[in-house]
Amino acid sequence: MKTKYIFVTGGVVSSLGKGIISSSIGRLLQTCGYRVTIQKFDPYINIDPGTLNPYEHGECYVTDDGMETDLDLGHYERFTGIHTTRNNSVTTGKIYQAVIEKERRGDYLGKTIQVVPHITNEIKERIKANAAGGEFDFIITEIGGTIGDIESAPFLEAIRQLRWELGGNSLCIHLTYVPYLKAAGELKTKPTQHSVKELQSLGIQPDILILRTEKHLNREILQKVAAFCNVSGDAVIQSEDLPSIYEVPLNMHRQRLDKTILAKLGMDHMEGHEQSLSHWEEFVRKEKDLRTGVKVGLVGKYDLQDAYKSIRESLHIAGIHTGKKVEIKFVNSENLDASNVEEALSGLDGVVICPGFGSRGIEGKIEAVTYTRTHNIPTFGICLGMQMMVIEFARNVLGLKDAHSSEMNPETPHNVIDMMEDQKQLSQLGGTMRLGGYTCELADGSRVRDIYGKDRIRERHRHRYEFNNNYKDRFQQAGMRCSGRNPESDLVEIVEIPSLKWFIGTQFHPEYSSTVLTPHPLFVNFIKSL
Ligand code: GLN
């Protein structure tokens, strides 16, 4: 079978949830028996989102092969259970970088380098890169931004050309918004019509329209849109606001989006494969049935939903699997000190100490750890959160008063968190982060060994600093166990205090590998313990 391409574009306004729609389409095609991958093409000029402030762009998601990417890749993985790779996240910056490198090498043999064809050819190659291994039946490509943006023009031109080259093997799905005018009491389709016209003027006729709306759209409205926009009646789908993003695939399925996609490509569900959404339906049913609640504090410095997206979703998903409604309370670590920590944390059933970079808000994180450790409140430290657990223990249990991370205080006499020698060398060369999946060995008899139910795991990293092994014995003797280690480098990947109810810190990010149908064991166990 030839690889099929689905392009997902957005119009009218941004933030319509293209990522959720792309993920839902991916999930539905999987349930029809197909192998799917989803990739994101972003029109901004940063090479990757790694350097973007979370206030600008939400969390930075990391793939197993060590690429810093957009948070939509987190949705793709959570919805479909697939592993994305560095091929699945491309920006304008990356495209230009590749073209300019080729130009410097002389690959273009003295030609004038232009947006068309050089940039557009590079985009086309990247769109097709995931097809090379023959691993996927469908490649879904989400184009970031909104139709009409100057930045997205080369991407749309590349899609226009590809649609010609691919013949019947591609589809374009356009997501728009139908506003409700309260004063007039009317739903308005004009912005959708304009947005489709704009796409058409770029030479792209959408095959399927998905209309985001706060109110139900009746048949008449859907048919009007179909008639004005040159799409068939069954190809106008509505995406009404729902209580949970996980209901979106079911809503799309009810409107036969999966069938329409396959029919337009001249396909049916995979032979011998009966479509089944039962696991997903059960998950959504459980989500609706959640009764008992637990309160989890998220101690971090970004007061923004998207900044800790994967952690929030991992907690929520783990709650659904354990029958607990997780209520998250954000606690800004910048405002935390000894005088108010009790007030901020005392009513909570558990606390997550969030990842992060730089000094802002870290003393508040350390204060939070002191409180949860001494009050035996279940605590989960992730990356910088784990490092703060280590520093707090060094200061208040080992009595190493000025213990710190050399990230925050390069002069500290007790660098319990430090940059390793080979990292220091790398740092001089410009690249320093430990990124992507690494193996970790779990110590016999440890809590984590029990939770994972195996002795070797693979988890994703994104950090520069590490636990300093020179202090390992002192920590272990005083009751903080180093229960996970990297077998090649001997770096400490997990710490735990076995005498407490639940006190585990991971140098890696378990939130990146928690999915809807396979929740992460650490998150599940953490929520269970509350
Ligand atoms: N800033 C810390 C480091 O670089 C932790 C990073 C993180 O939390 N992702 O090691």
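Residues numbered from 1 in each chain as written. Predicted model: local features only at pLDDT ≥ 70, side-chain atom pairs only at ≥ 80, totals over all residues. Heavy atoms only, no water.

Visitor: Could you give an account of the sheet that holds strand E17 (residues 415–418), with specific residues and numbers?
Guide: One open sheet accounts for three strands, arranged E16-E17-E20; its pairing is mixed. Since the sheet does not close on itself, it has two edges, and those belong to strand E16 (404–405) and strand E20 (466–467), each with one partner. Where E17 meets E20, two bridges bridge the pair, whose relative direction is antiparallel. For Ile417, the partnering residue across the bridge sits in E20 and is Phe467. (Pairing = 2+ DSSP bridges. Helix = DSSP H or I, 4+ residues; strand = E, 2+ residues; numbered from the N terminus.)

Visitor: Talk me through the environment of Ile457; I want residue IDs and the actual numbers.
Guide: Of note, Ile457 is situated in strand E19 (residues 456–463). Taking C-alpha positions, Ile457 is 13 Å from His509, a pair spaced 52 residues apart along the chain. Apart from residues no more than four positions distant in its own chain, Ile457 is found in contact with Tyr438, Thr439, Cys440, Leu442, Tyr452 and Phe508. (Contact = heavy atoms within 4.5 Å.)

Visitor: Can you tell me about the packing of helix H12 (residues 309–322) against helix H19 (residues 521–528), naming the residues and giving the values?
Guide: When two helices pack together, their arrangement is captured by the angle between the axes and the distance separating the axes. Packing of H12 against H19 leaves a shortest axis separation of 8 Å and a crossing angle of 65°. Note on packing geometry: the crossing formed by H12 with H19 is right-handed. Residue-level contacts link Ile311, Ser314, Leu315, Ala318, Gly319 and Thr322 of H12 to Phe523, Val524, Phe526, Ile527 and Lys528 of H19. The residue inventory of the contact of H12 with H19, partitioned by class, reads seven nonpolar, three polar and one charged. (Axes fitted to C-alpha atoms, helices over the stretch in contact; angles between N-to-C directions. Left-handed = near helix turned anticlockwise from the far one by under 90°. Nonpolar A, V, L, I, M, F, W, Y, C, P; charged D, E, K, R; others polar.)

Visitor: Give me the lowdown on unusual backbone geometry, citing residues and values where you can.
Guide: Most of the time, phi is negative for any residue but glycine, and the peptide bond is trans. Val116 connects to Pro117 through a cis peptide bond whose omega is 15°. On the secondary structure map, Pro117 appears in helix H5 (residues 115–129). One non-glycine residue, Asn376, adopts positive backbone phi at about 50°. Despite not being glycine, Asp490 has its phi angle at roughly 65°, a positive value. Relative to the helices and strands, Asp490 resides in the loop between strand E21 (481–485) and strand E22 (492–496).

Visitor: If you had to explain the pattern of salt bridges to someone new, which residues and values would you point to?
Guide: According to the stated counting rule, one finds 34 salt bridges in the structure shown. Between Glu77 and Arg460 there is a salt bridge whose closest N-O contact spans 2.9 Å. With Glu77 in helix H3 (residues 72–80) and Arg460 in strand E19, this pair connects stretches of sequence that are 383 residues apart. Residue Glu77 is classed as buried on the basis of its relative accessible area of 3%. Judged by relative accessible area, Arg460 falls into the buried class, the value being 2%. The partner of Arg126 in a salt bridge is Glu122, with the nearest N and O atoms 3.2 Å apart. Of this pair, Arg126 and Glu122 both sit in helix H5, four residues apart, which is roughly one turn of that helix. The class for Arg126 is partly exposed, based on a relative accessible area of 24%. Residues joined by salt bridges that share partners form a network here, namely Lys40, Asp42, Asp70, Asp72 and Glu142. (Salt bridge = Lys/Arg side-chain N within 4 Å of Asp/Glu carboxyl O. Buried < 20%, exposed > 50% of the residue type's maximum accessible area, 1.4 Å probe, protein only.)

Visitor: Give a description of the pairing of strand E14 (residues 350–353) that names residues and reports values.
Guide: Here E14 shows two buried faces, one formed by Gly350 and Val352 and the other by Val351 and Ile353. Of the strand pairs in this sheet, strand E12 (residues 293–300) and E14 are connected by four bridges, and their pairing is parallel. Across the sheet, the residue bridging to Val296 is Gly350, located in E14. Relative to strand E15 (residues 379–382), E14 runs parallel, the two sharing three bridges. Counterpart to Val351 in the pairing with E15 is Thr379. A crossover connection joins E14 to the parallel E15 through helix H14 (residues 362–374); in handedness this β-α-β unit is right-handed. (Right-handed = clockwise from strand over helix to strand, strands pointing away.)

Visitor: Explain helix H6 (residues 153–166) residue by residue, including any values.
Guide: Each full turn of the α-helix corresponds to 3.6 residues, which orients residues three or four apart in the same direction. Relative to the 20 Å expected for 14 residues at 1.5 Å per residue, H6 spans 20 Å between its end C-alpha atoms, a close match to the ideal helical length. Along H6, the residues classified as buried are Pro154, Phe155, Leu156, Glu157, Ala158, Ile159, Gln161, Leu162, Arg163 and Leu166. Gly167 sits one or two residues past H6 and shows a positive phi near 60°. (Expected span 1.5 Å × (residues − 1).)

Visitor: Residue-level account of the nonpolar core, with values.
Guide: Residues Ile6, Ile25, Leu29, Phe138, Ile208, Ile210 and Ile261 are the most contacted members of the largest nonpolar core, which totals 56 residues. Among all residues touching Phe138, those that are not within four sequence positions of it are Met1, Lys4, Ile6, Leu29, Tyr34, Arg35, Val36, Thr37, Leu262, Leu265 and Met267. (Core = buried A, V, L, I, M, F, W, Y, C linked by side-chain atoms within 4.5 Å.)

Visitor: Requested: an account of the site of the ligand, with residues and values cited.
Guide: Taken together, Pro355, Gly356, Phe357, Cys383, Leu384, Gln387, Glu407, Arg462, His463, Arg464, Tyr465 and His509 make up the full set of residues near the ligand. Note that a nitrogen atom of the ligand is positioned 2.7 Å from one of the side-chain N or O atoms of Glu407. Between the ligand and His509 there is a distance of 3.2 Å, counted from a nitrogen atom to a side-chain nitrogen or oxygen. Protein burial of the ligand: of its 300 Å² of free accessible surface, 100% is covered by the chains. Elements with a contribution of two residues or more to the shell around the ligand: helix H15 (384–396) and E19. (Near = heavy atom within 4 Å. Polar contact = N/O pair within 3.5 Å; in protein donor to acceptor, adjacent residues only side chain to side chain. Areas by Shrake-Rupley, 256 points an atom, 1.4 Å probe, with all protein chains shown as cover.)

Visitor: Please set out the packing of aromatic side chains residue by residue, giving values where relevant.
Guide: Considering all chains together, one arrives at 17 aromatic pairs under this definition. With a centroid separation of 6.4 Å and 15° between ring planes, the pair formed by Tyr5 and Phe7 is classed as stacked. For Phe7, a relative accessible area of 0% translates into the label buried. Ring centres 6.2 Å apart and planes at 80° place the aromatic pair Phe41 and Phe155 in the edge-to-face group. With a gap of 114 residues between them, Phe41 in strand E2 (residues 36–42) and Phe155 in helix H6 connect regions that are remote in the sequence. (Phe/Tyr/Trp six-rings, centres within 6.5 Å; stacked < 30°, edge-to-face > 60°.)

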